[in-house]
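What follows is the residue order along each chain.
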Amino acid sequence: MGSSDELKKGEGLVDLIFSWSLADVLNKDLYKTQVKPIPETFSSTKEYMDSFIYPLIQDTHSILSEIIRAVHLAPTQEIWTVNKSKDFKPPRDLYYHISMNRKRDTANGKVMHEPKFGDLIALTEVRPKTIADLDRPKSPYVIAVVQRIEEYGSGKFEIRASKPIVLGEYGDRREDKNKRSLFVVYLGNFITEIRIWTALKSELEGGNMNIIKRVLQPDSTDDVVTKILYVKLIWGPPGTGKTKTVASLLFVLLRIKCRTLTCAPTNIAVFEVASRLMSLVSRALEYDTYGLGDIVLFGIGERMKIDDHEDTLGIFLDFRMNTDDDHEDIWDVLLDCRVCIDDTFWKSMEKVKDIEIRKEALSLLIKISCGWRRPHKEANLISLSGISTRFLEYYKVNERLNLVWTVVIHEEKYDYKQVLVVWDISALSDIAEVAKKLDNFFRSYPLDVMSLC
């Protein structure tokens, strides 16, 4: 439930929507030049807040545009009466009481749409079958927002309209043929967008502003972790971005190499968080799937419906560890070493159906992770070209497959650390393709860093 005071605070967005003509609503490029990429750092809390204004406007405009384009599918009901509200104060506060002709729609077998606080509606003299019906020359549509519901199911509510409504002309034509019909066309509920606008435009006080200020300050890794731990509760109704917020926090922790265990009361909930996190990481990856190996999801696959989401199979523990109890301690070994495993490796492992070959591959992986290297006499059997050939190693798992890995350099604070990356398990004939992919990765390394690999 909301209040009229809440809509008062969000009037800036509502007034902007009211100002759009039908041509504006249908113009996909209306805000194209005004939406800028959100920067990674901010000089002030105002700059931080303002950076989200035009993206919000663009999202609101896009949603309304899609609804208008499909207006023939929008719920429509006939109005019985229209009267001025006690709060009616032109030219801006155009408040009206609306009473719906529910009997007629019910008799026609139509499913009633119950108006909700924050609904955006259009008032028209015809049931729109096309977009043109909204903008008839002698009777263009009027946009309004639902301010208050008098009683649920009564069909009576209060609106704030974008333009004055001529009173006395509309009503039930069966009772008075001089009356004209007027219809309510429901264009969706925009209360979430209005609340976000209010939050971005209002002067936050106390703890809320302190959180934002602390997060915006550029600090050390330890300070970043402290700030995230400062967040004690993320609360909000469905659809307000709680899962996205948690995934964003986890993404920051992952970027600063902070190991984090995330729990949820249901398998679906933990899957949603992992899926959002994987999406953020995938978009940020500079080199294909390198880095997804640092995310591990575990739970009951059937309840997560993991088989319906192939893009997340690579991070699912059961998918990665489809072997016997001899390797239950593999994660203890790998976590104690500086080892990253690329998502491509796990996808290739899934194609290996022979359990014994899987065990051999994992045993070799552990040996390499613990520092073992093959004798020098076992030279590479193929010739490779490109930057990555200086660093790429491939160790034989069996007569057909090879474990492909390199040592890369990660900068940690003021020091460089060597990290072993296992890229793939592949046939000898496919290693050249792996090397070609890695050329882009190593091409970004300065010469002094290359010497550390």
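Keep in mind the model is a prediction, meaning the values are calculated, not measured.

Focus: the confidence of the model for the chain
Interpretation of this model should avoid reading the predicted coordinates in detail wherever pLDDT is low. On average, residues of the chain score 77 in pLDDT, and 71% of them reach the 70 mark or higher. Confidence, read as mean pLDDT per element, is least for helix H14 (residues 330-336) in the chain (49) and greatest for helix H3 (residues 22-26) (94). Segment residues 323-328: pLDDT under 50, and 10 contacts once partners within four positions in sequence are set aside and those in other chains are kept.

Looking at the packing of aromatic side chains
Applying the stated criterion across every chain yields a total of 6 aromatic pairs. With centroids separated by 6.2 Å and ring planes inclined at 45°, the aromatic side chains of Tyr31 and Tyr54 adopt a geometry described as tilted. You can see Tyr31 sitting in the loop between H3 and helix H4 (45-50) and its partner Tyr54 sitting in helix H5 (residues 53-69), a full 23 residues away along the chain. Assessed through its relative accessible area of 8%, Tyr31 is described here as buried. Cluster of aromatic residues (ring-pair linked, three or more members): Trp20, Tyr31 and Tyr54.

Considerations on the pairing of strand S7 (residues 156-161)
S7 sits mainly inside the fold: 5 of its 6 residues count as buried. In this sheet, S7 lies alongside strand S2 (residues 95-100) in antiparallel orientation, the contact comprising 5 bridges. Its bridge partner lying in S7, Ile98 is registered against Phe157. By the bridge criterion, 5 bridges tie strand S6 (residues 142-149) to S7 in an arrangement that is antiparallel. Directly across from Ile149, in S7, lies its bridge partner Phe157. Between S6 and the antiparallel strand that follows it, S7, lie 6 residues; Gly153 among them carries a positive phi value of about 90°.

Focus: the sheet that holds strand S8 (residues 183-189)
Backbone hydrogen bonds hold the strands of a sheet together, and the pairing may be parallel or antiparallel. The 6 strands lie next to each other as S1-S2-S7-S6-S3-S8, forming a closed barrel whose pairing is antiparallel. This sheet shows a mean twist of 45° between the axes of neighbouring strands, independent of strand direction. Two elements, strand S3 (residues 119-124) and S8, share 5 bridges in a ladder whose sense is antiparallel. Its bridge partner being in S8, Asp119 is matched across the sheet by Asn189.

Thoughts on the nonpolar core
Of all hydrophobic cores here, the largest spans 30 residues; its most connected members are Trp20, Leu64, Ile68, Leu120, Ile143 and Leu187. The contacts of Trp20, once residues within four sequence positions are left out, are Val25, Leu30, Tyr31, Ile57, His61, Leu64 and Tyr141. Formed by 21 residues, the second largest nonpolar core is a distinct cluster that contains Val339, Ile341, Phe345 and Tyr395.

Structural notes on the environment of Glu11
With respect to the secondary-structure elements, Glu11 resides in helix H2 (residues 11-19). When its relative accessible area of 9% is taken as the criterion, Glu11 is described as buried. In the structure, Glu11 is positioned 186 residues away from Trp197 in sequence and 9.1 Å away in space, judged by C-alpha atoms. Setting aside residues no more than four positions away along its own chain, Glu11 makes contact with Arg92, Tyr95 and Arg160.

Quick notes on the pattern of salt bridges
All told, the structure shown has 12 salt bridges when counted by the stated rule. Residues Lys86 and Asp87 are paired through a salt bridge, measuring 3.5 Å at the closest nitrogen-oxygen approach. Put simply, Asp15, Arg92, Asp93 and Arg160 are held in one network by salt bridges that share partners.

Points about the packing of H2 against helix H7 (residues 191-201)
A packed helix pair is summarised by two numbers, namely the angle formed by the two axes and the spacing between the axes. It is the contact of H2 with H7, at a shortest axis distance of 8 Å, that shows an interaxial angle of 125°. Here H7 runs oblique to H2, going by the angle between their axes. Together, Gly12, Leu13 and Val14 of H2 and Glu193, Ile194 and Trp197 of H7 make up the contact between the two elements. Of the residues belonging to the contact of H2 with H7, the class tally is 4 nonpolar, 1 polar and 1 charged.

What counts and what doesn't
Residues numbered from 1 in each chain as written. Predicted model: local features only at pLDDT ≥ 70, side-chain atom pairs only at ≥ 80, totals over all residues. Heavy atoms only, no water. pLDDT = per-residue confidence, 0-100. Helix = DSSP H or I, 4+ residues; strand = E, 2+ residues; numbered from the N terminus. Contact = heavy atoms within 4.5 Å. Phe/Tyr/Trp six-rings, centres within 6.5 Å; stacked < 30°, edge-to-face > 60°. Buried < 20%, exposed > 50% of the residue type's maximum accessible area, 1.4 Å probe, protein only. Pairing = 2+ DSSP bridges. Axes fitted to C-alpha atoms, helices over the stretch in contact; angles between N-to-C directions. Core = buried A, V, L, I, M, F, W, Y, C linked by side-chain atoms within 4.5 Å. Salt bridge = Lys/Arg side-chain N within 4 Å of Asp/Glu carboxyl O. Parallel < 35°, antiparallel > 145°, perpendicular 65-115°, else oblique. Nonpolar A, V, L, I, M, F, W, Y, C, P; charged D, E, K, R; others polar.

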